[in-house]
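Here are the chains, one letter per residue:
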Amino acid sequence: MKKWALPYAMLSPFILLVSLFFVAPVVITAVMAFTDMDYAMIWNFVRWGNIGKLLSDPNIVPMLWNTFVYVSGTLVINVAFALLLALLTTYFITNERTGLFFRMLWMLPRITPSVVYAMLWLWFLDASDLGLFNAIRKILFGSEPVSWLFDNPMLIVILANGMVGASFGMIIFSSAIKSIPQDLFKAARVDGTTEWSIVREIIMPAIKWPIMFVSIWQLLSLLTSYEYILLITDGGPMFDSEVLALYSYHTAFSNLEFGYGAALALVLVIIALILTIIQFKIFNFNKMVRSSRID
């Protein structure tokens, strides 16, 4: 027992923090999902009452569709565009300082406070002549101002979130590409292999684990993400950019329906688990594990 005493003692602060701020809220939310708790804060258990309320809620189908569009659209940017950035700044740009400079530029949205980042987008998209995009259009083409947020709210939140998320994937993919031995690239070029073939046959198989990790991580993050939607559009106009996570937040903290809001959050967790299992199947996780053990 003494052998394990020190590791447990060292890990105890971490275990305590995780239990208090991660495990306990999940358990409380799961229990609250079976109550009709409101502003009175009474734990009145209704069993499956919230599920029936959810099935009859006319906003659920639009929320699910908005969530699908938002998550799938942003995930493409967070993974595909991040991979393109990593290839351009790590493989195709051979000068390390130049590549590092561009990677630092793409990290700016990540290190910028969320409110400041959202305010920049609101300035870019302002419906008056004071908005950056409208000012450029007026100078170049003499065009009338366009209400970008009102006409394309979902596209805006996808782009805003995608630009932030792409930096995370870019760093992961860049590190993975840099870990590939340069001798493989040199040998391939000596054999007359094209750059596209090197990317397809050498780089992509070598970074399959990081691609799977980033895809699953970003999927789970986007399902529960509403920070930039809240700051830029607040789910509007009407419900055009409202996703299930933001709908749960509004239900609980604007309408003070804490029980129903918790039920919506619980449904979101179940959806996340199902989609994670599907992604494991898509990436053929078991085969990847077996092949890595052989290697």
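What counts, and at which threshold
- Counting restarts for each chain: residues are numbered from 1 in the order of the written sequence.
- Per-residue local features of the predicted model are confined to residues with pLDDT of at least 70, and side-chain atom pairs are confined, for both listing and counting, to 80 or more; whole-chain, interface and lining totals are unaffected and use all residues.
- The basis for every side-chain value is the complete set of heavy atoms in the structure, and neither hydrogens nor water enter the calculation.
- Think of it this way: any DSSP run of H or I at least four residues long counts as a helix, any run of E at least two long counts as a strand, and we number them from the N terminus.
- Exposure is judged per residue with a 1.4 Å probe applied to protein chains only, and the accessible area is read against the type maximum: over 50% gives exposed, under 20% gives buried, and values in between give partly exposed.
- For the area figures, the Shrake-Rupley method with a 1.4 Å probe applies, and any residue is considered shielded solely by the protein chains shown.
- Note on geometry: axes are C-alpha line fits, over the in-contact stretch for helices, and angles between N-to-C directions span 0 to 180 degrees.
- With respect to orientation, any angle under 35 degrees is reported as roughly parallel, any angle over 145 as roughly antiparallel, any angle of 65 to 115 as roughly perpendicular, and every other angle as oblique.
- Crossing handedness is read from the near helix: turned anticlockwise from the far helix by less than a right angle, it gives a left-handed crossing, and turned clockwise, a right-handed one.
- Any two residues having at least one pair of non-hydrogen atoms within 4.5 Å are treated as being in contact.
- Three classes are used, and their members are as follows: Ala, Val, Leu, Ile, Met, Phe, Trp, Tyr, Cys and Pro are nonpolar, Asp, Glu, Lys and Arg are charged, and the others, Gly among them, are polar.
- In these notes, a set of buried Ala, Val, Leu, Ile, Met, Phe, Trp, Tyr and Cys residues joined through side-chain atoms within 4.5 Å is what counts as a nonpolar core.
- Stacked, edge-to-face and tilted are the three classes for Phe, Tyr and Trp ring pairs, Trp counted by its six-membered ring, which pair at centre distances within 6.5 Å; planes under 30 degrees apart are stacked, over 60 edge-to-face, the rest tilted.

**Q** Would you mind going over the overall build of the protein in detail, with residue names and values included?
**A** What the protein contains, in helices and strands, is 15 helices and zero strands. Along the three orthogonal principal directions, the C-alpha set of the protein runs to about 75 × 75 × 35 Å. Residue burial in the protein is summarised as follows: out of 295 residues, 36% are buried. Counting every atom, the protein has about 17800 Å² of accessible surface; 72% of that belongs to carbon and sulfur.

**Q** So, the packing of helix α4 (residues 96-111) against helix α8 (residues 153-178): which residues are in play, and what are the values?
**A** Remark: α4 packs on α8, axes separated minimally by 7 Å, with the N-to-C direction vectors making an angle of 150°. Considering the angle they form, α4 stands roughly antiparallel to α8. Read as a crossing pair, α4 and α8 show a hand that is left-handed. Judged by residue contacts, Glu96, Arg103, Trp106, Met107, Pro109 and Arg110 of α4 engage Met163, Val164, Gly165, Ser167, Phe168, Met170, Ile171, Ser174 and Lys178 from α8. Of the residues that constitute the contact of α4 with α8, the class distribution is eight nonpolar, three polar and four charged.

**Q** Outline unusual backbone geometry, listing residues and values.
**A** With omega at -5°, the peptide bond leading from glycine 236 into proline 237 counts as cis. Tracing the backbone shows proline 237 in the loop between α12 (227-232) and α13 (244-253). Its identity as a non-glycine residue notwithstanding, arginine 47 has a phi of 55°, on the positive side. Among the structural elements, arginine 47 can be located in the loop between α1 (2-32) and α2 (49-55). For arginine 47, a relative accessible area of 68% translates into the label exposed. In this model, leucine 256 sits at a positive phi of 60°, which is unusual for a non-glycine residue. Take leucine 256: it is sitting in the loop between α13 and α14 (258-282).

**Q** Got a sec to walk through the nonpolar core? Specific residues and values, please.
**A** Membership of the largest hydrophobic core comes to 47 residues, with the highest contact counts inside it found for Tyr70, Trp121, Phe173, Ile203, Ile207 and Ile232. Those elements that place two or more of their residues in this core are α3 (60-92), α5 (114-124), α8, α9 (182-190), α10 (195-206), α11 (208-223) and α12. Not counting residues up to four positions away in its chain, the partners in contact with tyrosine 70 are Met154, Val157, Ile158, Asn161, Leu222, Ser225, Ile229 and Val243. Core analysis: the second largest hydrophobic core is formed by nine residues, Leu54, Ile60, Leu244 and Leu268 among them.

**Q** How would you sum up the packing of aromatic side chains? Please name residues and give values.
**A** As enumerated under the stated definition, the model contains 18 aromatic pairs in all. Where tyrosine 91 meets phenylalanine 92, the ring centres are 5.0 Å apart and the plane angle is 80°; that geometry is what we call edge-to-face. Seen from their ring centres, tyrosine 91 and phenylalanine 185 are 5.3 Å apart, and the 65° between their planes marks the pair as edge-to-face. With tyrosine 91 in helix α3 and phenylalanine 185 in helix α9, the pair connects residues that are 94 residues apart, well separated along the chain.

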